[in-house]
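Survey of secondary and tertiary structure
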Amino acid sequence: MNVSCPFCTVHVNRVVLANDFAFSIRDAFPISPGHTLIIPRRHVASFFDATSDERIAMLQLLDSAKLGLDEELHPDGYNVGINDGQAAGQTVLHLHIHLIPRFTGDRGDPRGGIRWLIPEKADYWSKR
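What comes next is a walk through the structure. The numbers attached to residues start from 1 for each chain and follow its sequence in the written order. In keeping with the model being predicted, local features are shown solely for residues with a pLDDT of at least 70 and side-chain atom pairs are shown and tallied solely at 80 or more, while totals for entire chains, interfaces and linings include all residues. Values reported for side chains reflect all heavy atoms of the structure, with hydrogen atoms and water molecules removed beforehand.

Concerning the environment of Leu95
One can find Leu95 in the loop between strand E4 (77–81) and strand E5 (97–102). Summary of the burial criterion: residues with accessible area below 20% of their type's maximum are buried, those above 50% are exposed, and those between are partly exposed, where the area comes from a 1.4 Å probe applied to protein chains only. What makes Leu95 buried here is its relative accessible area of 1%. It is 6.1 Å that separates the C-alpha atoms of Leu95 and Phe47, two residues lying 48 residues apart in sequence. Put simply, DSSP marks the helices as runs of H or I at least four residues long and the strands as runs of E at least two long, and each gets a number from the N terminus on.

Side note on the sheet that holds E4
Paired strands, as defined in this entry, are two strands with at least two bridges between them according to DSSP. Within the open sheet, the five strands sit side by side as E1-E2-E3-E5-E4. Their pairing is antiparallel. A strand with exactly one partner marks an edge of an open sheet, and here the two such strands are strand E1 (15–18) and E4. Going across the sheet, the axis of each strand differs from the next one's by a mean of 20°, ignoring polarity. Relative to E5, strand E3 (residues 36–40) runs antiparallel, the two being bridged by three bridges. Bridge pairing in E5 links Leu37 to His98. Whenever a helix is involved, its axis is fitted only over the stretch in contact; in every case the axis is a line through C-alpha atoms, and angles between N-to-C directions fall within 0 to 180 degrees.

Quick notes on the environment of Leu59
Inspection of the secondary structure puts Leu59 in helix H1 (residues 52–73). A sequence separation of 13 residues divides Leu59 from Glu72, and the C-alpha atoms of the two residues are 20 Å apart.

Regarding unusual backbone geometry
Phi at His74 takes a positive value of approximately 55°, unusual for a residue other than glycine. Tracing the sequence through the fold places His74 in the loop between H1 and E4. For His74, a relative accessible area of 56% translates into the label exposed.

What follows is the structure in C-alpha cells.
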C-alpha cells in the first residue's frame, strides 16, 4: 500500500464491486456516465507487473461491471483501456482498467475509437 496513492486509499463507500485481488469504483472524472475503473488491491503500476491472479481477478470484475452497466445504463458499446506508463498517459501510477460506456451519438463519428489518442493517425479510412 502506498499512502500517497489515491487508489490505495479509496474509501470503502466508493467501491462498486470487489474480490480478493481487485475492486472497482466509478471514475471521479468520468468520460461518460458509468465510467468505471478496475483496480488491483496491491499497489502495482504496470499491467505487465501484475500477477496472473491479479489479472484474472481484474478481468472477472471487468465482466461483472460490464453486465451491471448493461442493466443500469444500456450503453451501445464500450471502450476498454489501460494507460501503462507516463508516456501512455498514465497519471495515477497504480494499474487500473478503464471501462467506458459509449452511447450512439456521444461523438459525431466514433470510428477509430482509441486511435484518436493521436488524432493525425486516427482516420485511416478516409482518402487523404
